[in-house]
Amino acid sequence: MREAVKKRDASMDGLFFYGVVTTGIVCKPSCSSRSAKPENLRFFADMEAASIVGFRPCKRCQPA
């Protein structure tokens with residue numbers, strides 16, 4: 001998953017989402033936002049799981 005985020009792999013969109021701890025935002029793997037440090041990434045199977053722990057959808061890639 002980290003490799004897909006690093007490469008911004010659009011083929012992985014919908015299979016998982018990632019959140020950035022420092023911003024509280026969750027994105028699709030292909031999001032064009034600034035890259036986060038690997039230690040700040042958290043991975044989720046769906047948006048519901050991310051929102052339960054307090055992440056909000058990215059305004060750029062709109063993963064919801």
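Residues numbered from 1 in each chain as written. Predicted model: local features only at pLDDT ≥ 70, side-chain atom pairs only at ≥ 80, totals over all residues. Heavy atoms only, no water.

**Student:** Explain the overall build of the protein to me, please; I cannot follow it from the model alone.
**Tutor:** Looking only at helices and strands, one finds two helices and four strands in the protein. Mapped in sequence order, the helices and strands of the protein form the string α-β-β-β-α-β. By principal-axis analysis of the C-alpha atoms, the protein measures approximately 25 × 20 × 20 Å. Sequence separation of at least 24 residues holds for 52% of the intrachain contacts in the protein that already meet a minimum separation of 6. Accessible surface, the protein as shown: approximately 4200 Å² in total, 52% of it carbon and sulfur. Positive and negative side-chain charges in the protein, numbering 11 and 6 respectively, have mean positions lying 10 Å apart. (Helix = DSSP H or I, 4+ residues; strand = E, 2+ residues; numbered from the N terminus. Contact = heavy atoms within 4.5 Å. Areas by Shrake-Rupley, 256 points an atom, 1.4 Å probe, with all protein chains shown as cover. Lys, Arg positive; Asp, Glu negative; His and termini not counted. Charge placed at Lys NZ, Arg CZ, Asp CG, Glu CD.)

**Student:** Before we go on, may I ask you to explain the sheet that holds strand β2 (residues 25-27) in this structure?
**Tutor:** Read across the sheet, four strands follow the order β3-β1-β2-β4 without closing on themselves; strand pairing throughout is mixed. Among the strands making up the open sheet, the edge pair consists of β3 (41-44) and β4 (56-57). The sheet contact formed by β2 and β4 spans two bridges and is parallel. Bridge pairing in β4 links Val26 to Pro57. (Pairing = 2+ DSSP bridges.)

**Student:** What exactly am I supposed to notice about the nonpolar core here?
**Tutor:** A general trend in soluble globular proteins is that nonpolar side chains are found buried together. The biggest cluster of nonpolar side chains holds 11 residues, and these are Ala4, Val5, Phe16, Tyr18, Val20, Ile25, Cys27, Cys31, Leu41, Cys58 and Cys61. Not counting residues up to four positions away in its chain, the partners in contact with Cys61 are Cys27, Lys28 and Cys31. Judged by nonpolar contacts, the second largest core, of six residues, contains Val26, Met47, Ala50 and Phe55. (Core = buried A, V, L, I, M, F, W, Y, C linked by side-chain atoms within 4.5 Å. Buried < 20%, exposed > 50% of the residue type's maximum accessible area, 1.4 Å probe, protein only.)

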